[in-house]
Amino acid sequence: MKEFLTKYNLHLNAEEFEKEIIKIKEEAKSNCSADNLKVALGAIDLTSLHTSDTPEFIESFTNKVNHFKATYPQYPLPASVCVYPNFAKIVRATLKEKEVGITTVSACFPSSQSWLDVKELETRHAIEEGATEIDIVLPHNSFINGNLDACARELKLLRQATEGKTLKVILESGALQTNFPTLQEGIEAIAAASFLALECGADFIKTSTGKQEPSATPIAALTMCKCLKAFMEKTGARRGFKPAGGISTSEDAILYLTIVEKILGKEQLSPKYFRIGASSLANKILTSLEGTTVKFY
């Protein structure tokens, strides 16, 4: 896995990263402006991924996006609505705000444990039903075993299946950290997974499914953003970053926004390159902006 670090001339040091996160957290405290909260709101993939989701609930959930501008015309819409693939057709039929994407998780989310042809079929079917963006999970069963060729073959096949659509690859960074004995080895694994996904055509790299602990962490986000910067410097291609899992307060959102801005610059802070996977976060940001408790979504 270290060959990726050599290839992209990226130096990773866990102790330095921990110190850098402390500094960024201090910067984030003064970065919690109304303008930045609006950026974070517009970056949200508004998510419902519950076992209890029903067609009626997803229709109602999507209609809240349709009604949002009438209530809050001064704020941006979320970047997309994110649901299980069997609900893509309902979101497509219900969603009136055409600039809002339709994201579905796919390829046997959240474990990615199944046959590859099943993952491909599910992904293609989700797109047929209306998905414009697909979030898949890195196949840990091959990655952690060091079988990077098998991992790459799977990612490339799913990239082909999503041609013309936005593909986000979830690293499940918490699992990568905990599967290696030291923090240093964990961040090196996150970096290798980041570069592998990017080389296989991912439009975004995403921290977590939100279904496993730990989910998103600042040190994983910092590692992934440094990989995105190194990839851009070597290839000229700017790709996106999506933190997800456990991001539930305005302060959380601003911290991740600050990491992105610090490493990748303000150019990264548009929905084209920056997303946040969350559900209740939208209400927390609206509450911060409005100065009163808001429960819109």
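Above this text you will find the structure in question.
Computed from a prediction, not measured in an experiment: that's the story for all the values here.

Enquirer: Would you take a moment to explain the overall build of the chain for this structure?
Expert: Along the chain, the regular secondary structure elements total 13 helices and 8 strands. Its C-alpha radius of gyration of 18 Å places the chain within 12% of the 19 Å reference for a compact globule of 297 residues. Per-residue burial for the chain yields a buried fraction of 58% across its 297 residues. For the chain, long-range pairs separated by at least 24 residues make up 75% of all intrachain contacts whose partners lie at least 6 apart in sequence. Across the chain, the mean location of the 34 positive side-chain charges is 3 Å away from that of the 36 negative side-chain charges.

Enquirer: Looking at this model, I keep getting lost on the sheet that holds strand 6 (residues 204–206). Mind explaining?
Expert: Each strand in a sheet pairs with another by means of backbone hydrogen bonds, the pair being arranged parallel or else antiparallel. Across the sheet, which stays open at both edges, the 8 strands sit in the order 7-6-5-4-3-2-1-8 with parallel pairing between neighbours. The open sheet terminates on both sides in strands that have one partner only, identified here as strand 7 (240–242) and strand 8 (276–278). Here the average twist between neighbouring strands, direction ignored, is 25 degrees. Pairing of strand 6 with strand 7, which is carried by 3 bridges, proceeds in the parallel orientation. Residue Lys206 lies in a different strand from strand 7, and its bridge partner there is Lys242.

Enquirer: In this structure, what is going on with helix 13 (residues 281–290)? I would like to understand it.
Expert: Note on helix geometry: an α-helix contains 3.6 residues per turn, so any two residues three or four positions apart are oriented the same way. Here helix 13 has its buried residues at Leu281, Ala282, Asn283, Ile285, Leu286 and Leu289. Packing partners of the buried residues in helix 13 comprise helix 3 (34–42), strand 1 (44–47), helix 4 (55–71), helix 12 (250–264) and strand 8. Remark: Gly291 follows helix 13 within two positions and exhibits a positive phi of approximately 75 degrees.

Enquirer: Can you help me understand the pattern of salt bridges in this one?
Expert: If the charged atoms of two oppositely charged side chains come close together, the side chains can form a pair. This model, assessed by the stated rule, comprises 17 salt bridges. Ionic pairing is found between Glu154 and Lys119, a salt bridge with its closest N-O pair at 2.7 Å. Residue Glu154 is found in helix 8 (residues 148–161), and its partner Lys119 is found in helix 6 (residues 116–128); the two are separated by 35 residues along the sequence. Neither residue differs from the other here; Glu154 and Lys119 are each classed as buried. Its salt-bridge partner being Lys206, residue Asp135 comes within 2.9 Å of it at the nearest N-O pair. One end of the pair, Asp135, is in strand 4 (residues 133–137); the other, Lys206, is in strand 6, with 71 residues separating them in the sequence.

Enquirer: Could you clarify how one ought to interpret helix 8 in this entry?
Expert: With 14 residues, helix 8 should cover 20 Å at 1.5 Å per step; its first-to-last C-alpha distance of 20 Å lies within 8% of that length. For helix 8, the full list of buried residues reads Leu148, Cys151, Ala152, Glu154, Leu155, Leu158, Arg159 and Ala161. Structurally, helix 8 contributes buried residues whose contacts are with helix 1 (2–7), helix 6, strand 4, helix 7 (140–143), strand 5 (166–170) and helix 10 (183–199).

Enquirer: Got a minute to help me understand the nonpolar core in this structure?
Expert: Grouped burial of nonpolar side chains is what soluble globular proteins tend to show. In this structure, Phe143 and Ile276 are the most contacted members of the largest nonpolar core, which totals 103 residues. Setting aside its immediate chain neighbours within four residues, Phe143 contacts Met1, Leu138, Leu148, Cys151, Leu176, Ala189, Ala192, Ala193 and Leu196.

Enquirer: What should I look at first to understand the packing of helix 3 against helix 13 in this one?
Expert: Relative orientation and spacing of two packed helices are given, respectively, by the angle between their axes and the distance between those axes. Between helix 3 and helix 13, the shortest axis-to-axis distance is 10 Å and the interhelical angle comes to 160 degrees. It follows from the interaxial angle that helix 3 and helix 13 lie roughly antiparallel. Relative to helix 13, helix 3 is oriented so that their crossing is left-handed. The segment helix 3 lies against helix 13, with Ala34, Leu37, Lys38, Ala40 and Leu41 engaging Ala282, Ile285, Leu286, Ser288 and Leu289. Of the residues in the contact of helix 3 with helix 13, the class split is 8 nonpolar, 1 polar and 1 charged.

Enquirer: Which parts of the structure should I look at to understand the packing of aromatic side chains?
Expert: A full pass over the atoms with the stated rule returns 11 aromatic pairs. Note on Phe4 and Phe195: the rings are 6.3 Å apart at their centroids and 20 degrees apart in plane angle, and the pair reads as stacked. Of this pair, Phe4 sits in helix 1 while Phe195 sits in helix 10, and the two are 191 residues apart along the sequence. The ring of Phe204 is capped by Lys168, whose NZ or CZ atom sits 6.0 Å from the centre of that ring. Its guanidinium or amino end placed over the ring of Tyr273, Arg238 lies 5.8 Å from that ring's centre, counting from NZ or CZ.

Enquirer: What am I meant to see in the environment of Pro218 here?
Expert: Checked against the element boundaries, Pro218 lands in helix 11 (residues 218–235). Sequence-wise, Pro218 and Lys25 are 193 residues apart; in three dimensions their C-alpha atoms are separated by 9.1 Å.

Definitions and cut-offs
- Residues numbered from 1 in each chain as written.
- Predicted model: local features only at pLDDT ≥ 70, side-chain atom pairs only at ≥ 80, totals over all residues.
- Heavy atoms only, no water.
- Helix = DSSP H or I, 4+ residues; strand = E, 2+ residues; numbered from the N terminus.
- Rg over C-alpha atoms; globule rule 2.2 N^0.38 Å.
- Buried < 20%, exposed > 50% of the residue type's maximum accessible area, 1.4 Å probe, protein only.
- Contact = heavy atoms within 4.5 Å.
- Lys, Arg positive; Asp, Glu negative; His and termini not counted.
- Charge placed at Lys NZ, Arg CZ, Asp CG, Glu CD.
- Pairing = 2+ DSSP bridges.
- Axes fitted to C-alpha atoms, helices over the stretch in contact; angles between N-to-C directions.
- Salt bridge = Lys/Arg side-chain N within 4 Å of Asp/Glu carboxyl O.
- Expected span 1.5 Å × (residues − 1).
- Core = buried A, V, L, I, M, F, W, Y, C linked by side-chain atoms within 4.5 Å.
- Parallel < 35°, antiparallel > 145°, perpendicular 65-115°, else oblique.
- Left-handed = near helix turned anticlockwise from the far one by under 90°.
- Nonpolar A, V, L, I, M, F, W, Y, C, P; charged D, E, K, R; others polar.
- Phe/Tyr/Trp six-rings, centres within 6.5 Å; stacked < 30°, edge-to-face > 60°.
- Lys NZ or Arg CZ within 6 Å of the ring centre and 35° of its normal.

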